[in-house]
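Single-letter residue listing:
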Amino acid sequence: NLDQVGAALAVRHLVEHGHRRLAHVTLSTRPGPAMRRVGFLAEAERLGLREGVQVIGPGSAPEGIELLLRALRRGDPDAPTAVFAANDIAAVEVLHRAADLGIQVPAQFSVVGYDSSAVALTVRPHLTSVNQPRQAMGKLAAQMLRERLAGRPHDASASVEPVLKVRDSTGPGPALRQRSPKAGV
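Bear in mind that the values here come from a model prediction, so they are computed numbers and not experimental data. (Residues numbered from 1 in each chain as written. Predicted model: local features only at pLDDT ≥ 70, side-chain atom pairs only at ≥ 80, totals over all residues. Heavy atoms only, no water.)

### Some thoughts on helix H3 (residues 61-74)
Phase 1 of the analysis: Between the first and last C-alpha of H3 there are 20 Å, a value that for 14 residues agrees with the 20 Å anticipated at 1.5 Å per step.
Phase 2 of the analysis: Within H3 the residues assigned to the buried category are Ala61, Gly64, Ile65, Glu66, Leu68, Leu69, Ala71 and Leu72.
Phase 3 of the analysis: Just beyond H3, the residue with positive phi is Gly75, at close to 85 degrees. (Helix = DSSP H or I, 4+ residues; strand = E, 2+ residues; numbered from the N terminus. Expected span 1.5 Å × (residues − 1). Buried < 20%, exposed > 50% of the residue type's maximum accessible area, 1.4 Å probe, protein only.)

### Structural notes on the packing of aromatic side chains
Phase 1 of the analysis: Applying the stated criterion to the full structure yields two aromatic pairs.
Phase 2 of the analysis: Taking 6.4 Å as the distance between ring centres and 25 degrees as the angle between the ring planes, the aromatic pair formed by Phe40 and Phe84 counts as stacked. Here Phe40 is found in helix H2 (residues 31-46), whereas its partner Phe84 is found in strand S3 (residues 82-85), with 44 residues between them in sequence. Each of the two residues, Phe40 as well as Phe84, counts as buried.
Phase 3 of the analysis: On the numbers, 6.3 Å between centres and 65 degrees between planes, the contact of Phe84 with Tyr114 is edge-to-face. Residue Phe84 is found in strand S3, and its partner Tyr114 is found in strand S4 (residues 110-115); the two are separated by 30 residues along the sequence.
Phase 4 of the analysis: Exposure remark for Phe84: the relative accessible area of 0% places this residue in the buried category.
Phase 5 of the analysis: For Tyr114, a relative accessible area of 1% corresponds to the buried category. (Phe/Tyr/Trp six-rings, centres within 6.5 Å; stacked < 30°, edge-to-face > 60°.)

### Overview of the side chain of Ser28
Phase 1 of the analysis: The residue Ser28 is located in the loop between strand S1 (22-25) and H2 in this model.
Phase 2 of the analysis: For Ser28, a relative accessible area of 16% corresponds to the buried category.
Phase 3 of the analysis: Within the local environment of Ser28, its side chain forms a polar contact with the backbone nitrogen of Arg30, the two atoms lying 2.9 Å apart.
Phase 4 of the analysis: Beyond its immediate chain neighbours, meaning those up to four positions away, Ser28 contacts Pro33 and Pro58. (Polar contact = N/O pair within 3.5 Å; in protein donor to acceptor, adjacent residues only side chain to side chain. Contact = heavy atoms within 4.5 Å.)

### Observations regarding the sheet that holds S1
Whether parallel or antiparallel, the strands of a sheet pair through hydrogen bonds between backbone atoms.
Phase 1 of the analysis: Across the sheet, six strands lie side by side as S2-S1-S3-S4-S5-S6; this open sheet has mixed pairing. Every other strand in the sheet has two partners, leaving strand S2 (53-56) and strand S6 (163-165) as the edge strands with one partner each. Between one strand axis and the next, the sheet turns through 20 degrees on average, direction left out of account.
Phase 2 of the analysis: Pairing between S1 and S2: four bridges, direction parallel. Looking at S2, one finds that His24 is bridged to Val55.
Phase 3 of the analysis: Along the sheet, H3 contacts S1, S2 and S3; its crossing angle with S2, the most-contacted strand, is approximately 145 degrees.
Phase 4 of the analysis: Contacts from helix H4 (residues 88-100) reach S1, S3, S4 and strand S5 (128-131) within the one sheet, and its direction differs from that of S4 by about 160 degrees. (Pairing = 2+ DSSP bridges. Axes fitted to C-alpha atoms, helices over the stretch in contact; angles between N-to-C directions.)

### Observations concerning the packing of H3 against H4
Phase 1 of the analysis: Here H3 crosses H4 at 45 degrees, and the two axes come no closer than 10 Å. Of the possible angle classes, the one that applies to H3 and H4 is oblique. When the axes of H3 and H4 are compared, the crossing they make is right-handed. Contacts between H3 and H4 involve Pro62, Ile65, Glu66 and Leu69 on the former and, on the latter, Glu93, Val94, Arg97 and Ala98.
Phase 2 of the analysis: The residue inventory of the contact of H3 with H4, partitioned by class, reads five nonpolar, no polar and three charged. (Parallel < 35°, antiparallel > 145°, perpendicular 65-115°, else oblique. Left-handed = near helix turned anticlockwise from the far one by under 90°. Nonpolar A, V, L, I, M, F, W, Y, C, P; charged D, E, K, R; others polar.)

### Observations concerning the environment of Arg73
Phase 1 of the analysis: Turning to its location among the elements, Arg73 is positioned in helix H3.
Phase 2 of the analysis: As for Arg73 and Val163, which are separated by 90 residues in sequence, their C-alpha atoms are 31 Å apart.
Phase 3 of the analysis: Contacts of Arg73, omitting those with residues within four sequence positions, involve Leu101 and Ile103.

### Side note on the pattern of salt bridges
Phase 1 of the analysis: By the definition in use, this model includes nine salt bridges.
Phase 2 of the analysis: Its salt-bridge partner being Arg12, residue Glu43 comes within 3.2 Å of it at the nearest N-O pair. Separated by 31 residues along the polypeptide, Glu43 in helix H2 and Arg12 in helix H1 (residues 2-16) bring together distant segments of the chain.
Phase 3 of the analysis: Via salt bridges that share partners, Glu66, Arg70, Glu93 and Arg97 belong to a single interconnected network. (Salt bridge = Lys/Arg side-chain N within 4 Å of Asp/Glu carboxyl O.)

Set out below in structure tokens:
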């Protein structure tokens, strides 16, 4: 499932940046976001991080986001230092709540969305997000339709792999910040 592949990309990106306590936020029960949650949990498990992850939402997402960010602000050592959101709208919700609480993204907390929609570039910091290459998907669909109209007698299937668009909403996790020459400045 490509939603799971995209979620794994996001988790690996956060782990490569030194994050070990991750949260997944979703506002939806739809199949795409559900598969992203599955992918998030599977990749966290594969990387040995299952004990350090939380899943927030869909029903309790606003309260869960608030609790997560308040724990981070208090300095709770078990608080997630990064969030992978099931879509850009959920990620923007996290960004806004973090700003309301004075939590700096990405200096203190990293956020990754999914969809790489136009909203990813309208917020500050610009949102790192998993891109579903819509233009390539559209071209592929048009090509398959042309082939079918030209007489291809059987169904065909193809897929386009998601790509992580790294922008400004992700930064080093606590372990990497401590080793940075700028730490303590």
